[in-house]
Amino acid sequence: MNKNCLLCGVGGQGVVLASKLIAYAAMDKGLDVRTTETIGMAQRGGSVVSHVRMGKHIHSPLIPFGCADVILAFEPAEAVRNLPYLREGGVVVVNKKAVKPVTATLSGSSYDGKEMLRYLKEHVSRLCIVDGTELCSKAGSAKVLNVALLGVAAASRVLDVTLEDIQAELQKRVKPQFVAMNMKALSLGAEAAQ
């Protein structure tokens, strides 16, 4: 069976690396994989969206609206913005920490993500809210949020790749000096899923 995973966040959160780790892990299992990213405004703290489709006979990288099995959201507003992609009964794993957009900062408006989380609770039947800040603090770096969220998703069995699959990709694809910290983040994410 095919699996569609949409990852979303803002520039600098590691969305693209997370999608590549999923894709490589799926390819190592012999699955067909297609990916694509929208990263145009990423350098300015804008939206980053990555589509990962895996299974057999995958022909297009774009996930149609209403067909994502999983949304892995690094930020609450990005989860809400991409909710039209989620299929009925699909899963949303979301980091609860809001990243204030540049437009909100410039206009002086407040945004803390609570309204977005409330919206997700009302509209998503299978929702997992993650305290990414706590997980990153325990792992020793804010830069491992992406891997911590992968740990949550893999341990929750909402991806067609396992924790062991992601661990193997981390060993191959992350600089050696950062492997231990990323492994810890993955493990902490898995624990948080329980």
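Procedures and definitions
Residues numbered from 1 in each chain as written. Predicted model: local features only at pLDDT ≥ 70, side-chain atom pairs only at ≥ 80, totals over all residues. Heavy atoms only, no water. Helix = DSSP H or I, 4+ residues; strand = E, 2+ residues; numbered from the N terminus. Buried < 20%, exposed > 50% of the residue type's maximum accessible area, 1.4 Å probe, protein only. Contact = heavy atoms within 4.5 Å. Core = buried A, V, L, I, M, F, W, Y, C linked by side-chain atoms within 4.5 Å. 1 Å grid on protein atoms, 1.4 Å probe; cavity = no way out; pocket = protein on both sides within 12 Å on 5 of 7 lines; lining within 4 Å. Points joined across faces, edges and corners; volume = space filled by probe spheres on them. Nonpolar A, V, L, I, M, F, W, Y, C, P; charged D, E, K, R; others polar. Salt bridge = Lys/Arg side-chain N within 4 Å of Asp/Glu carboxyl O.

Time to look at the side chain of Ser19. Within the element layout of this structure, Ser19 appears in helix α1 (residues 15-28). Note on Ser19: relative accessible area 1%, which makes it buried. Here Ser19 is in contact with Leu7, Glu37, Ser50 and Val52, once residues within four sequence places are set aside.

This part is about the nonpolar core. Judged by nonpolar contacts, the single largest core of 41 residues is most densely connected at Leu7, Ile22, Leu72, Phe74, Leu150, Leu159 and Leu170. Filtering out sequence-adjacent residues up to four positions away, Leu7 remains in contact with Val15, Ala18, Ser19, Ile22, Val48, Val49, Ser50, Val52, Leu72 and Phe74. Counting 17 residues, the second largest nonpolar core, distinct from the first, contains Ala68, Ala73, Val92 and Leu120.

Here we take up the layout of surface pockets. Approximately 460 Å³ is the volume attributed to the largest pocket. Around the largest pocket, the lining is made up of 21 residues, and of these Gln13, Ala142, Lys143, Val144 and Leu145 lie nearest the centre. Contributions of two or more residues to the lining of the largest pocket are made by α5 (132-139), α6 (145-155) and α8 (176-193). When the residues that make up the lining of the largest pocket are grouped by side-chain class, the tally is 10 nonpolar, 9 polar and 2 charged.

Across the 11 residues that make up α6, a large majority, 11, are buried. Along α6, the residues classified as buried are Leu145, Asn146, Val147, Ala148, Leu149, Leu150, Gly151, Val152, Ala153, Ala154 and Ala155. Note on α6: the residue one or two positions beyond its end, Arg157, has a positive phi of about 60°.

Moving on, we get to the pattern of salt bridges. Here the structure, examined in full by the defined rule, presents 9 salt bridges. Measuring nitrogen to oxygen at the nearest pair gives 3.0 Å for the salt bridge that ties Lys29 to Asp165. Of the two residues, Lys29 sits in the loop between α1 and β2 (32-38) while Asp165 sits in helix α7 (residues 163-173), which places them 136 residues apart along the sequence. Residue classification places Lys29 among the partly exposed positions, given a relative accessible area of 42%. With relative accessibility at 17%, the residue Asp165 sits in the buried group. Of the charged contacts in the structure, one is a salt bridge between Lys96 and Asp131, with a shortest N-O distance of 3.9 Å. Linking Lys96 in the loop between β5 (86-95) and α3 (102-107) with Asp131 in the loop between β6 (126-130) and α5, this pair joins segments that are 35 residues apart in sequence. Taking relative accessible area as the criterion, Lys96 reaches 39% and is therefore assigned partly exposed. Overall, the relative accessible area of 27% leaves Asp131 in the partly exposed class. Connected through shared salt-bridge partners, Asp28, Glu169, Lys172 and Arg173 make up one network.

Note that all results are geometric; they support no functional claim without further evidence.
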